Structure formats: structure tokens, C-alpha cells
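Notes for the structure review
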Amino acid sequence: MKNVIEVRNLTKAYKELRAVDDLSFEVHEGEILGLLGPNGSGKSTTINCLLSLLQFESGHIRIFGKEMTPDAYDLKAQIGVVFQDVAVFEELTVYDNIDYFCGLYIGDKNTRKAYVRDAIALTGLEEFVKFYPKQLSGGLLRRLNIACGIAHKPKLIFLDEPTVAVDPQSRNNILDGIRILREQGATIVYTTHYMEEVEILCDRIIILDKGRVIASGTNEELKELTDIEEKVTVEVDRISQEQLAQIKALEHVKEVTNSKNVVSIVYREGEDHFGKLLAFLGKEKIRYHKIYSERPTLNDVFLELTGKELRD
Amino acid sequence: MLVFRTYFKILTKYKGIVILYTVILLCFAVFNMQTSDNSTNFTASRPDVYVENKDEEGALAGLLCDYIKEHAEVKGPEDLKDTEGVSDALFYRQVNYTVEIPENFSEDFLAGERPDIVVRSIGDYQAAYMEMQLERFLQTASLYQKAGMEEKQLIKQIKETLKETVEVELKSSVDKEGLSKGAFFYNFANYSLLAGCVYAIAVALSSFRRDCIRRRANVSPINNLRYNLQLLLANGVFAFALWAFYVLISFVMVKDVMFTKQGLLFIANSFVFALCALSVGFLIGNLTTNKEALGGIINVVALGSSFLCGAFVPVQWLPDAVLKIAHILPSYWYIQNNERIAKLETVEPAAIKPLLVNGAVVLGFAALFVAVTNVLAKRGRQRRV
Ligand SMILES: Nc1ncnc2c1ncn2[C@@H]1O[C@H](COP(=O)(O)OP(=O)(O)O)[C@@H](O)[C@H]1O
Ligand SMILES: [Mg+2]
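1. What about the overall build of chain A?
- Of the regular secondary structure elements, chain A holds eleven helices and 14 strands.
- In chain A, 67% of the contacts between residues at least 6 apart in sequence involve partners at least 24 apart.
- Accessible surface, chain A as shown: approximately 14,800 Å² in total, 47% of it carbon and sulfur.
- If the 40 positive side-chain charges of chain A are averaged to one point and the 50 negative ones to another, these points end up 2 Å apart.

See the structure below:
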């Protein structure tokens, strides 16, 4: 597997604060790599260092096998960036904005025209080409921001929190678009603090906290890191302390908590917990309205590793 | 030339304001030319002139006083008693013109020096007429003095020459009224050029200078130097176009003057000032990217310097203190040049020299503004990295 990006021991400090702390990782060709971490964990700083927008204290960055520097124009030509803040000209229409930013990479007029059309189609902005940024909703503006960053069909794409404060329709459009870009052969680095997004989108995930990698791997691999297998929640009419103790004694049960007749049962390993629990509830004649089972989330992983919630 | 083209695309969004400045210029110009057309009978009424002769012994000074009396109503100190001084007298239009003959004028003049006669005027046509007469006297005197005549002979010659040529002189080849209109137009253009250039350049530049937009350019393969050069070129082309447009208007408004040598000087002078306005635009465009703040700054800069330096009202009306402050503004030197050009009887090297000095001062200001802009831009970049 070819590495498109190799980062070795990257450290970037703002005065006392180590925003990125001895970070090492690589990105494989053709994958979507998720950089997941809470606000302030150093995701944007990492990306800005990778792009040579920021000077850093130490570390090495190689992109497409070459050292990345501020004037590595041949590398920059193959990279597309969608920044966290929307960066467009207020005075230009949707079309002209995409055309301008694409034009920074693509000189040929006809090629550019075709590329701009493609970007508009990908982000679903066909109806809005004549609009000015001021006239767009938050979600559409984000989509424009993405179109401006990827119109030149780069081989490597950075997307920094492209779905912050976006309506569900736009979010789906954005996530679909990213999948299409990957199918077209691009390698993608995607940062977010939404764990659901990396779970459904990313091939590999790196979890960051305080500028450090605290875990990395596929979604499945990361979940192995917790010793939770399954979490079942039951809303009961009433339940006695004795019955709770009996549940706790069932096979593989790690812990049982009850808060206002909502009982959650965490299983360490094993199978068919659900069936066994239902059988127990039936035998004890415990009435319940709702029962559901969950697999562990990345939030559980994060909680396990750092002792705090991923969500703000 | 992507950046260049986009610059003008952005500028078209702000064309309204630039058009507004131009319309203001046109309105004022048309208004002024019409009102002055109604009062062109300046030969009919003699100007009121206040003469202060500090060289009472001197024969040449005496002759000059007599000469002025022939052409004007001379007022003495008793006529100014209601007013605080000469400035007030001018302001309330009690006199059109004041002349102060310095001590030892006659002696110095005969010795080959050219002592300054201090004149102040309200800038109307009667004053222009007086200016012309005074100039004629001094040139004649100068001519005979250079020929090596001594005092008595000199005075006799001057008297005769001036008498002979009165008729001819009144039909002077120089259209003083037109020139004064030209100066008015170009003085007012100070405001429109400054406001237009500064506004357009600062606004378009600030769009490109926004951090997020710059960042996008910085991650793209476009070369930083080429990016900046294209912006520079776009600003230059815009300033040049605006200037050329105003020159074109001046050909419509004061056509006769513009085809003279003085007209050429007006054009050259305003070109130098356009360069300076360009540099001011650069400076202000680098101060802030906040478009609302820009509007305020531009009004202060363009309106303020136009008022202080006499673009709207004749320089002679302004208090000395204001004019002293105005020295630190490029508009002052530009307007001084316009005033000088309007008074030029002939265009010759000696007359042009002071114009060149003023022009150099304006260019010096431009260089200073560019230097300051560079320092600011460098600091801004360092802060971002
Ligand atoms: N220009 C800056 N100056 C000082 N501190 C900064 C600057 N930019 C970011 N930081 C700090 O660095 C840390 C990482 O920030 P950032 O990379 O933006 O996090 P994320 O993108 O993961 O939300 C934060 O604690 C933030 O406050
Ligand atoms: Mg961020």
C-alpha cells in the first residue's frame, strides 16, 4: 500500500501550548482517513502544518514521497483543501467563485469550464450558480466552500470539519460527494468532531486529543479497544433490587445501572445477550415498554481512553 | 491573468460609489462654470486693491503704487477698519486683492534681485486681472533692469512702455478666466480622484487580502510574487483609467484651456497626483479588511484633505494655521501647482521649475506611503504565520 502522506514526530506549539505534540501517522493511497477529536484537539493545526501554512517546531512531512515546503508548487497543484472557515468572495457569484479558485490550478479555459460544471453537479449547486454567497443558507455555503476546494480534481483532498452547523440534507449531500471523490480515485483526509460521520465514512480513523494520537485503526479495530461488547437498555415498569442483582449475575454482564426504571446492562463479551435477557424478564414477569441494544460507539472508546466524553 | 480579471469583476460590484464621486465632480464643475459665466464683465468694474508699501522712499515702489492706482480702486487702512485684518477683508470681499511691497524693494530690484511682492487674492476674475497687471509691470521693469538702465531712465521707460501697450495687454493671449476654471476643475478632481482611487483600490484589495482568501491562494500552485504583481497591475490600470477619464471630462468642460501648454501642465500635474492617490489606496487597503470602516476612513481622508488644502474653496480664504497643517498632505502640493499653472503668463523653464519641485514632493509622499504599506504588509504576514 502506497503512502500518500507521511508525518513523523510533528510538533507545533503556540507559546506554552502544544497544539500538536509529537504526532506521527500516514495516509494510504485511495483511503478516507478520519481525524477525530474534540474541539481544540489540534486537527486544524495539523492540517495547516501539512500544507506548510504554519511553521512548526520539529518533525517531517512527506507528501507523494516528497518533502512538503511552502514553495513545493508541484505538490500543491495536486492537493485540494476545504478549510474550516468558509472562504469565498462576497462579490462573486457561486459560479465565478468556483471558477476563480479552480483557475488558481487549471489554466486552460475549456478544461476549467468542464471541471467547474462537475464540481457544481457534485455539490448539487446547479440551481444556485447565479447566487451570491450572501443569498445562500449555511448548508449551501458549505457546499460552495467544498466545490471551491475540490473543483480542480486534486489527487489528495483535505476537508476540515466540512459539516459543522449544516442541515441534514446538506450533510448527506456532502458525505455522498466525498464518497464519490474517493471512488474517482482521490485520497481524503477528513477531520471532524462528529463520531457518527467517521464511523460511516472513513476507512481508517485517528483519534486525537491534546495534539496527540490516542488511538488509530479501522472502526472495528478501535471498538476492540474497549472491553464492551454490547449495551442493552430496558425501560421497565418496576424492578426490585433483588432482580437487578440477578441480572448482574447473568453470564458476561459487566455492569448494571438503574436510573428511574431505565436499566442499562453492559456486556463484556459473548452472544445472544438479548435473547437471554428477554427470557429472564419473561420468567420474572417484569413488564417493559422499550428495549434496545447498542454496539459500543467511538464515544465509548474515547471515554475509555481519556476518561472524558468526546462530545462537548 | 486570473487575479487581474477577478479584481475588475469585484470592482464592478462597487462601481456605484465611484460613479457617485464622478457625478459630484461634474455637478460642481458645471455649477461653477455657469455662475462664473454670469460675472465675466471684469473689465467694467475695477478691482478693489489694498496696497501696503513698506518701501516708501523707493522710486520704483512709488511707480508701482501709481500704476496700481491707474488700474484699481486702492483702499487704505482706513477702509478696513471694520475688519480684523487683511484676511477678513478678503474673506468679506471688501477687497479683491492685497499687495505688500517689501522694504528696500526698489533698491534690491535695481541691484538685480527679485524681492517677493506678497499678494493675496480671493481668486475671482477681478483679482486675476490685477494679477495680470502686476505681472506685466514686473516683467517690464525686469526687462529694462537687465538691460542695465539706471533708476531715472528705467522709470521713464517703464511708464512709456506700459502706456503704449495697455490696449494690447487687455487682449492678452492668456485666457485667465479659462485657466482659473481649469484650476478649479482640477482642484476639485483632487477630491474625486482621491476618493475614487482610495475607495475602489482599498475595497477590491481588502477582498483579496482577507486571511481565508489568501490562505486558499497560499495552498495553490500560484506563485506569490505573480499574484501580488497582478494585483498591483490591476490597481495601476484602474487608477490610470480613472485619471484618464477625468482628463477627458476636463477637455469637455474647459476645452480652450486644455489645448494650451498650461492645459498640458494641468494634465501632467494630475497624473502625478493620481500616482499618489494610488499609493494612498494601497496604504488604506492594507490597514483593514472591514468594508464599513473603509468607508469612514475614505471620507476622512478624501474630504478632509480636500477641505484643508483648498480643493473646494480658494486657498486664499483658508487661515494660515490650516495651510501650515496642509503642508503635510500631498493634496496641498498638487493644488498649489494648479493655482500656479492658472497664473502662468508664459510657459518657460523658470516658471516650470517650482511646479517640478511640488510634483516631486507629491511623488515623495507616494514613495513614503508605499514604504509604510510594505512594512504593514510584512508585519501582517508574520502575525499570520
Ligand atoms: N493562532 C493560534 N494562536 C494560539 N493558539 C492557537 C492558535 N490556533 C489554535 N490554537 C490553539 O491550538 C489548539 C488546537 O487548535 P485547533 O487545531 O484549531 O483545534 P481543532 O481544529 O481540533 O478544533 C487549541 O487549543 C487552540 O486554542
Ligand atoms: Mg478545527
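Having seen the structure, we can now continue with the description.
2. Comments concerning the domain arrangement of chain B
Residue and element names in this part refer to chain B.
- Domain annotation for chain B reports domain 1 (2–36 + 175–384) and domain 2 (48–163).
- Relative to domain 2, the C-alpha centre of domain 1 lies at a distance of 37 Å.
- Across the contact, eleven residues belong to domain 1 and eleven residues belong to domain 2.
- Between domain 1 and domain 2 the total buried area reaches about 1,000 Å² when both faces are included, carbon and sulfur atoms providing 58% of it.
- Counting the surface domain 1 buries against domain 2, the share from its top three residues, K176, Q316 and W317, is 50%.
- On the surface where domain 1 and domain 2 come into contact, there are zero salt bridges.
- On inspection of domain 1 and its partner domain 2, the count reaches zero residue pairs in polar contact (both at pLDDT 80 or more).

3. Quick notes on the packing of aromatic side chains
- Tallied over the entire structure, the rule returns 27 aromatic pairs over all chains.
- On the basis of an interplanar angle of 80 degrees and a centroid distance of 5.1 Å, the ring pair of Y100 of chain A and F101 of chain A is categorised as edge-to-face.
- Through successive ring pairs, a cluster of aromatic residues spans F89, Y100 and F101 of chain A together with F208 and Y227 of chain B.
- Taking NZ or CZ as reference, R216 of chain B lies 5.0 Å from the ring centre of F101 of chain A, over its face.

4. Here's the deal with the coordination of the magnesium ion (ligand 2)
- The protein atoms donating to the magnesium ion (ligand 2) are S44 of chain A (OG) and Q84 of chain A (OE1), with metal-donor distances spanning 2.0 to 2.2 Å. Note that S44 of chain A is positioned in helix α1 (residues 43–50) and Q84 of chain A in the loop between β6 (79–82) and α3 (94–103), a separation of 40 residues in sequence.

5. Examining unusual backbone geometry
All names here are of chain A.
- At D22, a position not held by glycine, the phi torsion is positive, near 55 degrees.
- Along the chain, D22 falls in strand β2 (residues 17–28).
- A residue is classified by how much of its surface remains accessible, and D22, at 44% relative accessible area, is partly exposed.
- Notably, K153 is not glycine yet its phi reads approximately 55 degrees, a positive angle.
- By the element assignment, K153 lies in the loop between α5 (138–150) and β7 (156–160).
- The class of K153 is partly exposed, set by a relative accessible area of 41%.

6. Describing the pattern of salt bridges
All names here are of chain A.
- According to the stated counting rule, one finds 21 salt bridges over all chains in the structure shown.
- One salt bridge in this structure joins E26 and R8, with 3.0 Å as the shortest N-O distance. Pair noted here: E26 is in strand β2 and R8 is in strand β1 (residues 3–14), with a separation of 18 residues, a long-range link.
- By relative accessible area, which is 25% here, E26 ends up partly exposed.
- Residues E31 and R204 are paired through a salt bridge, measuring 3.0 Å at the closest nitrogen-oxygen approach. Of this pair, E31 sits in the loop between β2 and β3 (32–36) while R204 sits in strand β9 (residues 204–209), placing them 173 residues apart in sequence.
- On the basis of relative accessibility, which here comes to 7%, the residue E31 falls in the buried class.
- Put simply, R18, D21 and R212 are held in one network by salt bridges that share partners.

7. What about the side chain of S305 of chain B?
All names here are of chain B.
- Examined against the element boundaries, S305 turns out to sit in helix α14 (residues 291–309).
- In this structure S305 comes out as buried when scored by relative accessible area, which is 6%.
- Side chain to side chain, S305 and S331 meet in a polar contact 3.4 Å long.
- Look past the residues within four positions of S305 in its chain and what remains in contact with it is L194, V300, L329 and S331.

8. A few points about the interface of chain A and chain B
- Taken together, the 29 residues of chain A in the interface contact 27 residues of chain B.
- Counting the surface lost from both chain A and chain B, the interface buries some 2,500 Å², and carbon and sulfur atoms represent 63% of this.
- Area buried by chain A at its contact with chain B is led by E91, Y100 and L104 of chain A, which between them contribute 26% of it.
- Remark: the boundary between chain A and chain B carries two salt bridges.
- With a closest N to O distance of 3.6 Å, K9 of chain B and D96 of chain A form a salt bridge.
- At the boundary of chain A with chain B, the tally comes to six residue pairs in polar contact (both at pLDDT 80 or more).
- Mapped by element, the contributors of at least two residues to the side of chain A that touches chain B are α2 (73–76), β6, α3 and α5 of chain A.
- It is α3 of chain A that provides the largest number of residues to the side of chain A that touches chain B, a total of four residues.
- Across the side of chain A that touches chain B, the residue classes break down as 19 nonpolar, four polar and six charged.

9. Here's the deal with the sheet that holds strand β4 (residues 118–121) of chain B
Residues and elements named next belong to chain B.
- Pairing is mixed in the open sheet, where four strands are placed in the order β2-β1-β3-β4. Each edge of the sheet is formed by a strand with only one pairing partner; in this case those strands are β2 (73–75) and β4. Averaged over all pairs of adjacent strands, the angle between strand axes in this sheet comes to 25 degrees, irrespective of strand direction.
- With respect to the sheet, helix α3 (residues 59–71) is in contact with β1 (48–53), β2 and β3 (97–101), its orientation differing from that of β1 by roughly 170 degrees.

10. Re the sheet that holds strand β13 (residues 262–267) of chain A
All names here are of chain A.
- The strand order across the open sheet built from four strands is β12-β13-β11-β14, with neighbouring strands paired in antiparallel fashion. A strand with exactly one partner marks an edge of an open sheet, and here the two such strands are β12 (253–259) and β14 (288–294). Sheet twist, expressed as the mean angle between neighbouring strand axes with direction ignored, is 15 degrees.
- Pairing of strand β11 (residues 230–236) with β13 involves six bridges; the strand directions are antiparallel. When the bridges of β13 are listed, E230 appears paired with Y267.
- Each of β12 and β13 is contacted by helix α9 (residues 241–248), which is oriented at about 155 degrees to β12, the strand it contacts most.

Here is what the cut-offs are and how they apply
- Residues numbered from 1 in each chain as written.
- Chains lettered and ligands numbered in written order.
- Predicted model: local features only at pLDDT ≥ 70, side-chain atom pairs only at ≥ 80, totals over all residues.
- Heavy atoms only, no water.
- Helix = DSSP H or I, 4+ residues; strand = E, 2+ residues; numbered from the N terminus.
- Contact = heavy atoms within 4.5 Å.
- Areas by Shrake-Rupley, 256 points an atom, 1.4 Å probe, with all protein chains shown as cover.
- Lys, Arg positive; Asp, Glu negative; His and termini not counted.
- Charge placed at Lys NZ, Arg CZ, Asp CG, Glu CD.
- Domains from an automatic or database assignment.
- Buried area = accessible area lost by both parts, 1.4 Å probe.
- Salt bridge = Lys/Arg side-chain N within 4 Å of Asp/Glu carboxyl O.
- Polar contact = N/O pair within 3.5 Å; in protein donor to acceptor, adjacent residues only side chain to side chain.
- Phe/Tyr/Trp six-rings, centres within 6.5 Å; stacked < 30°, edge-to-face > 60°.
- Lys NZ or Arg CZ within 6 Å of the ring centre and 35° of its normal.
- Donors = N, O, S within 2.8 Å, 3.2 Å for Na, K, Ca; no water.
- Buried < 20%, exposed > 50% of the residue type's maximum accessible area, 1.4 Å probe, protein only.
- Nonpolar A, V, L, I, M, F, W, Y, C, P; charged D, E, K, R; others polar.
- Pairing = 2+ DSSP bridges.
- Axes fitted to C-alpha atoms, helices over the stretch in contact; angles between N-to-C directions.

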